[in-house]
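# Fold and geometry: a report
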Amino acid sequence: MLNDRLSQIGAYPFDRLRALLGPVQPAPGLEPIALSLGEPRHEPPRMIRDAILSEHELWGRYPPMRGTDGARTAIAAWACRRYRCPETAIDPARNVVPVSGTREALFMAALAAVPERKAGGRPVVLMPNPFYQVYLGAAVAAGAEPVCVPADAENGFLPDYEGVDPDILARVALAYFCTPSNPQGAIADLGRLARLVGLARRHDFVLVSDECYSEIYDRGRSPPPGMIEACLDLGGGLEKVVVFNSLSKRSSVPGLRVGFAIGDADFMDVYVRLRDHGGAAPPMPLLAAAQALLADEEHVEASRRLYRDKIDIAEELLDGRLGFYRPPGGFYLWLDVGDGEAAARRLWSEAAVRVLPGCYVARPGEDGDDPGRRYIRVALVHDRDTAREALTRLAGVL
């Protein structure tokens, strides 16, 4: 009496990690440090406390699925400032939906987009390989065929959807794209984004742009471009495009569970209808906190400086080893250690440092090779001193 589709996705990456490291004792005498989870540990901005308290009475009301007028307006205004577009480009009433974190929202996008059949066959969901694990679960739950497109060092860690077989492209119902990419931190330029929008429109599929790491980027770089900019350059509004972003990474508030979707108005109508049946809307006091956070860039820049400082530490300790490179965006290191699972076990047993094997966020390709097998993902989410201690131990072992 269980959904047999679930056998196609296997165990969640962190369940696999617990199974891998559970029998292994961490190095004695060392305080364990977890670099496995992308959970920002920077101090949350204090402004959220006052914002939540100011809407205290709203805890007694169910939040509307489309959020409040104030929240949608704040989200649209932030996006227009960030991507240098006219205020009329994003309609808060029709193009914007606040969500309770983007994990659930990204998952439900596939349920809203995937039809029973497309081009006479089983619909396809494209995703990069490696990938954020939710993409795979969403594709399988929606009844689609997941097609993992290599995103390795040879192609700059970004998937080439334009090179997908035309017969497969005809069946694509949805494509997930992530920039800056998780786990490698690669940033797609505006030209690539525009080509992806054109591809989605020509082949009639929904392009989901996961931009949750958009506000974390290395020094000397301009803010990463986004799919909204590409749509403006091409014309046609937000047709076939939905952009997801979150305050979890930008504002270091993963526990707030507030993100948002901005996109094609017709799709958003269907998306909200689905969410009415099974989604969870963010509580209104938390939407008030989100409005305050979106209106302030000072705390974002402070957090960005801290991430850059930690990348400096990593470069100091790892440059020239383990395939280290400065990630253009995001806060992960994607290190080539030869065997990710073996390295994770060693780091736990010899250094009490917990990292995620790359094969837990990837799938073997048609040639049988897993693009994540050689790697570990290292999340630089702690303070500077903790990051230095963890990276020093990692370098000493590996």
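Quick caveat: nothing in here was measured; it's all calculated off a predicted structure.

Definitions and limits used
Residues numbered from 1 in each chain as written. Predicted model: local features only at pLDDT ≥ 70, side-chain atom pairs only at ≥ 80, totals over all residues. Heavy atoms only, no water. 1 Å grid on protein atoms, 1.4 Å probe; cavity = no way out; pocket = protein on both sides within 12 Å on 5 of 7 lines; lining within 4 Å. Points joined across faces, edges and corners; volume = space filled by probe spheres on them. Helix = DSSP H or I, 4+ residues; strand = E, 2+ residues; numbered from the N terminus. Nonpolar A, V, L, I, M, F, W, Y, C, P; charged D, E, K, R; others polar. Phe/Tyr/Trp six-rings, centres within 6.5 Å; stacked < 30°, edge-to-face > 60°. Buried < 20%, exposed > 50% of the residue type's maximum accessible area, 1.4 Å probe, protein only. Lys NZ or Arg CZ within 6 Å of the ring centre and 35° of its normal. Pairing = 2+ DSSP bridges. Axes fitted to C-alpha atoms, helices over the stretch in contact; angles between N-to-C directions. Contact = heavy atoms within 4.5 Å. Salt bridge = Lys/Arg side-chain N within 4 Å of Asp/Glu carboxyl O. Parallel < 35°, antiparallel > 145°, perpendicular 65-115°, else oblique. Left-handed = near helix turned anticlockwise from the far one by under 90°. Lys, Arg positive; Asp, Glu negative; His and termini not counted. Polar contact = N/O pair within 3.5 Å; in protein donor to acceptor, adjacent residues only side chain to side chain.

Moving on, we come to the layout of surface pockets. One number sums up the size of the largest pocket: a volume of about 730 Å³. Considering the residues around the largest pocket, the lining is formed by 30 residues, among which Asn 129, Cys 148, Val 149, Pro 150 and Gly 365 are closest to the centre. It is strand E4 (residues 145-150) that provides the largest number of residues to the lining of the largest pocket, a total of 6 residues. In terms of residue class, the lining of the largest pocket is built from 15 nonpolar, 3 polar and 12 charged. Within this model, the second largest pocket holds a volume of roughly 500 Å³.

Inspection of the entire model under this criterion finds 14 aromatic pairs. Here Phe 331 and Tyr 332 contribute two aromatic rings whose centre-to-centre distance is 4.8 Å and whose plane-to-plane angle is 65 degrees, an arrangement assigned as edge-to-face. Pair check on accessibility: Phe 331 and Tyr 332 agree, each one buried. An aromatic cluster is defined as three or more aromatic residues linked by ring pairs; in this entry it consists of Tyr 213, Tyr 307, Phe 331 and Tyr 332. Positioned above the aromatic ring of Trp 348 is the side chain of Arg 354, whose terminal nitrogen or guanidinium carbon lies 4.9 Å from the ring centre.

Spatially, E2-E8-E7-E6-E5-E3-E4 is the arrangement adopted by the 7 strands of the open sheet, whose pairing is mixed. Every other strand in the sheet has two partners, leaving strand E2 (96-99) and E4 as the edge strands with one partner each. Looking at each pair of strands side by side, their axes are set apart by 20 degrees on average, direction ignored. Where helix H4 (residues 102-113) meets the sheet, its contacts fall on E2, strand E5 (172-178), strand E6 (206-210), strand E7 (241-246) and strand E8 (259-263), and the angle it forms with E5 comes to roughly 160 degrees.

On to unusual backbone geometry. In this chain, Asn 129 is followed by Pro 130 through a cis amide linkage whose omega measures 10 degrees. With respect to the helices, strands and loops of the structure, Pro 130 is situated in the loop between strand E3 (124-129) and helix H5 (133-141). Cis geometry is adopted by the peptide bond preceding Pro 180, which originates at Thr 179 and carries an omega value of -10 degrees. Along the chain, Pro 180 falls in the loop between E5 and helix H7 (190-203). At Arg 257, a residue that is not glycine, the phi angle is positive and equals roughly 55 degrees. Mapped onto the secondary structure, Arg 257 falls in the loop between helix H9 (247-250) and E8. In this structure Arg 257 comes out as partly exposed when scored by relative accessible area, which is 33%. A positive phi is found at Leu 322, a non-glycine position, where the angle reads about 55 degrees.

Moving on: the pattern of salt bridges. Under the counting rule described, the total for this entry stands at 27 salt bridges. The closest approach of N and O atoms between Arg 41 and Glu 39, which form a salt bridge, is 3.0 Å. Assessed through its relative accessible area of 45%, Arg 41 is described here as partly exposed. When the shortest N-O distance is used, the salt bridge between Asp 204 and Lys 240 registers 2.5 Å. Note that Asp 204 is positioned in the loop between H7 and E6 and Lys 240 in the loop between helix H8 (227-234) and E7, a separation of 36 residues in sequence. With a relative accessible area of 22%, Lys 240 lands in the partly exposed category. Via salt bridges that share partners, Asp 218, Arg 219, Asp 309, Asp 312, Glu 315, Arg 326 and Arg 384 belong to a single interconnected network.

This structure, assessed with the given rule, holds 3 cavities of 30 Å³ or more. Considering only enclosed or pocket space, the largest cavity measures out at about 60 Å³ in volume. Lining the largest cavity are 13 residues; nearest its centre among them are Pro 128, Pro 130, Cys 178, Ser 181 and Asn 182. Looking at the lining of the largest cavity, its residues break down into 10 nonpolar, 3 polar and no charged. In this model, the second largest cavity occupies a volume close to 50 Å³. As for the second largest cavity, its lining consists of Ile 216, Tyr 217, Asp 218, Arg 304, Tyr 307, Arg 308, Ile 311, Pro 327 and Gly 330.

The pairing of strands in a sheet happens through backbone hydrogen bonds and is either parallel or antiparallel. With antiparallel pairing, the 3 strands of this open sheet are ordered in space as E9-E12-E11. Single-partner strands in this sheet number two, and they are strand E9 (332-336) and strand E11 (356-357). With 2 bridges connecting them, E11 and strand E12 (residues 375-379) associate as antiparallel partners. Looking at the pairing, Leu 356 lines up with Arg 377 of E12.

The next thing to look at is the packing of helix H3 (residues 69-82) against helix H11 (residues 284-294). Working note: a packed helix pair is described by the angle between its axes plus the distance between those axes. Where H3 meets H11, the axes come as close as 9 Å, and the angle between the chain directions of the two elements is 25 degrees. It follows that H3 is roughly parallel to H11 by the angle criterion. Pair H3 / H11 crosses with left-handed handedness. Where H3 approaches H11, its residues Gly 70, Ala 71, Ala 74, Ile 75, Trp 78 and Arg 81 are matched on the opposing element by Leu 287, Gln 291 and Leu 294. Of the residues in the contact of H3 with H11, the class split is 6 nonpolar, 2 polar and 1 charged.

As a further point, take the side chain of Glu 211. Positionally, Glu 211 belongs in the loop between E6 and H8. As a buried residue without a salt bridge, Glu 211 has its nearest oppositely charged side chain in Arg 82, at a separation of 6.6 Å. A polar atom in the side chain of Glu 211 sits 3.1 Å from the side chain of Tyr 83. At 2.9 Å, the side chain of Glu 211 forms a polar contact with the backbone nitrogen of Met 227. Other than its neighbours up to four places away in sequence, Glu 211 contacts Tyr 83, Thr 179, Gly 226, Met 227, Val 243, Phe 244 and Asn 245.

As far as function goes, none of this settles anything; it's purely spatial.
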